[in-house]
Each structure stands twice: as structure tokens, then as C-alpha cells.
Amino acid sequence: MRARRLIPTVLATILMSATAGVITATPAVANPCGFYETGSDAFYNHCTGDGSNVVIEVEVFGPNYERCVGPGRTWLGSAGRIQGAHYTGRTC
């Protein structure tokens, strides 16, 4: 009978320990993939392992425009001017 009471307690302890390890082990991402802004600048980070160039659509006040970006971080302009950017599904 004692083992039946002990098993749920042991399982709960293991799950809580595993969850706490996952939460604390996750580092903050400095340059996330896709569009992101810092305090004053807008960037697009093309995360790829194959070296491909892709077409993104940059969203601005006025007509949007397309731009070809390579792997890694690309500065798009002032964060006050750029509203967003997304992958169009095409390579360049």
C-alpha cells in the first residue's frame, strides 16, 4: 500500500524537476529568425544552413517593396520607418 502512495509523489517530483530544468536552460535569443526590431533599428534575420538567398517583402508607410537577402542579419532601416517584413516564398 505504501508504494502506491509513494509513486505519484516521486513522479510529480521528477516532472517538476524536468520542467524547471527546461525553463531555466532556455537562453534568450539575441537575433531571432525573421523580422525583429531593436530600440531604433529594424532587421531581417534569414536563418538557413544552405546559403540560399530569399525574397522578403518589407512593409513600410506607403507602398511595400521587395528585397533579396542572404543568410544572416540584414539591416532594413529605422524601426520608426519599417513596420515589418516577411518571406515571400521565393529565392533570388
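See the structure printed just above.
Since we're looking at a predicted model, the values are computed, not measured.

Conventions we followed
Residues numbered from 1 in each chain as written. Predicted model: local features only at pLDDT ≥ 70, side-chain atom pairs only at ≥ 80, totals over all residues. Heavy atoms only, no water. Pairing = 2+ DSSP bridges. Helix = DSSP H or I, 4+ residues; strand = E, 2+ residues; numbered from the N terminus. Axes fitted to C-alpha atoms, helices over the stretch in contact; angles between N-to-C directions. Salt bridge = Lys/Arg side-chain N within 4 Å of Asp/Glu carboxyl O. Buried < 20%, exposed > 50% of the residue type's maximum accessible area, 1.4 Å probe, protein only.

I would appreciate a short explanation of the sheet that holds strand 2 (residues 41-46) in the present structure.
Taken in spatial order, the 3 strands make up an open sheet running 1-2-5, and their pairing is antiparallel. The two strands at the open ends of the sheet, each matched to only one other strand, are strand 1 (34-37) and strand 5 (72-78). Taking each pair of neighbouring strands and ignoring which way they run, the sheet shows an average axis angle of 25°. Relative to strand 5, strand 2 runs antiparallel, the two being bridged by 6 bridges. Within strand 5, the position partnered with Y44 by the bridge is T74.

Teacher, can you tell me more about the pattern of salt bridges here?
Opposite charge on two side chains permits them to pair, given that their charged atoms come into close proximity. Taken as a whole, this structure holds 1 salt bridge when the rule is applied. E66 is paired through a salt bridge with R90; the nearest N and O atoms lie 2.6 Å apart. On the criterion of sequence distance, the pair formed by E66 in strand 4 (residues 65-69) and R90 in strand 6 (residues 82-91) is long-range, its members being 24 residues apart. E66 sits in the partly exposed class, given a relative accessible area of 46%.

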